Amino acid sequence: MEFEDQKCKALATIYLSSEESQKDLVAEAGTAKEAWTLPEEIYEPKSRARIAKLRSEFYSIKKQPSESIGIYLTHSQQAGKALENAGKSTLEDEVAYQMIENLPPEFENIVQQIYQLNDDEFLPDKVRTILLAEEGRILSKQAKEIDNSKVLVTEGKKNFGTLQKKKAQVCSYCKRFGHLACECRLKSTKNHSFILLKSERQQTYVCPSIFSRTTES
């Protein structure tokens, strides 16, 4: 009698603890063992379907352009953990391979170095550390390139402004644009010609007197 009471209590406990969709199944069970194993037998195929879905998600994870390498690696490790929780164990090196499988081209060199790791080093945590360090190096390099580009753009704008300013200048001597009278080549050339001409005239004036004095002596 006492044993029957315990069986009824066990069935009642399982029934009350079950979800609404499973209570009809539990109610049909004759013993507590049947009530416990029947839902498992019915839903087992669904768990395999879930494992298949999780495997597909795990092997199709790719780093999106907008996400950091840290977020991408976290997704890979969480997908591996989800497979374990669903009853499908994943080897650590399988997770490590997946972490470097679909990385963008700028990680190609570091991936080749990761392939050279020893078996006892080729683990998810080790791969994660290496990839995070490489991401830091890449971001630092990109930041320097952006700074250099900004400098070039600033210098280009400055040079363009100087050129435009010079183009707006008008020479008071030759009336041409792009320079001032103090920079005028035409004026400089004429001044130089005038000096030469003046020098030649002075030489023409001096030379006869010298010549006549030489003759008289």
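Cut-offs used in this document
Residues numbered from 1 in each chain as written. Predicted model: local features only at pLDDT ≥ 70, side-chain atom pairs only at ≥ 80, totals over all residues. Heavy atoms only, no water. pLDDT = per-residue confidence, 0-100. Helix = DSSP H or I, 4+ residues; strand = E, 2+ residues; numbered from the N terminus. Contact = heavy atoms within 4.5 Å. Phe/Tyr/Trp six-rings, centres within 6.5 Å; stacked < 30°, edge-to-face > 60°. Buried < 20%, exposed > 50% of the residue type's maximum accessible area, 1.4 Å probe, protein only. Salt bridge = Lys/Arg side-chain N within 4 Å of Asp/Glu carboxyl O.

Of the residues in the protein, 61% reach a pLDDT of 70 or more, and the chain-wide mean stands at 75. Of all the helices and strands in the protein, helix α8 (residues 185-216) carries the lowest mean pLDDT, 52, while helix α6 (residues 108-114) carries the highest, 94. Segment residues 203-217 is flagged for pLDDT under 50; beyond a separation of four residues in sequence, or across chains, it makes zero contacts in the model.

This next bit is on the packing of aromatic side chains. For the structure on display, the rule yields two aromatic pairs. Geometrically, the ring pair formed by Phe-58 and Tyr-59 is edge-to-face, given 4.9 Å between the ring centres and 75 degrees between the ring planes. The exposure class assigned to Phe-58 is buried, which follows from its relative accessible area of 0%. On the accessibility criterion, Tyr-59 (35% relative accessible area) is partly exposed.

On to the pattern of salt bridges, then. Summed over the entire model, instances satisfying the criterion amount to three salt bridges. A salt bridge links Lys-81 to Glu-84; the nearest nitrogen and oxygen atoms lie 3.9 Å apart. Taken together, the residues Lys-81 and Glu-84, both in helix α4 (residues 69-85) and three residues apart, mark about one turn of the helix. What makes Glu-84 partly exposed here is its relative accessible area of 38%.

When you line up the elements, Lys-33 lands in helix α3 (residues 32-59). The exposed category is assigned to Lys-33, whose relative accessible area is 66%. Considering only alpha carbons, one finds Lys-33 and Leu-11, 22 residues apart in sequence, at a separation of 8.7 Å.

Looking at where Cys-182 falls in the secondary structure, it is placed in the loop between α7 (124-167) and α8. Residue classification places Cys-182 among the exposed positions, given a relative accessible area of 70%. When the C-alpha atoms of Cys-182 and Cys-171 are compared, they prove to be 8.3 Å apart, with 11 residues separating the residues in sequence.

Here we come to the side chain of Ser-76. For Ser-76, the location among the structural elements is in helix α4. We classify Ser-76 as buried; its relative accessible area is 0%. In this structure, Ser-76 is in contact with Phe-58, Ile-61 and Met-99, ignoring residues within four places of it in sequence.

Next up on the list: the side chain of Glu-134. Relative to the helices and strands, Glu-134 resides in helix α7. Beyond its immediate stretch of four places on either side in the chain, Glu-134 contacts Glu-106, Phe-107 and Ile-110.

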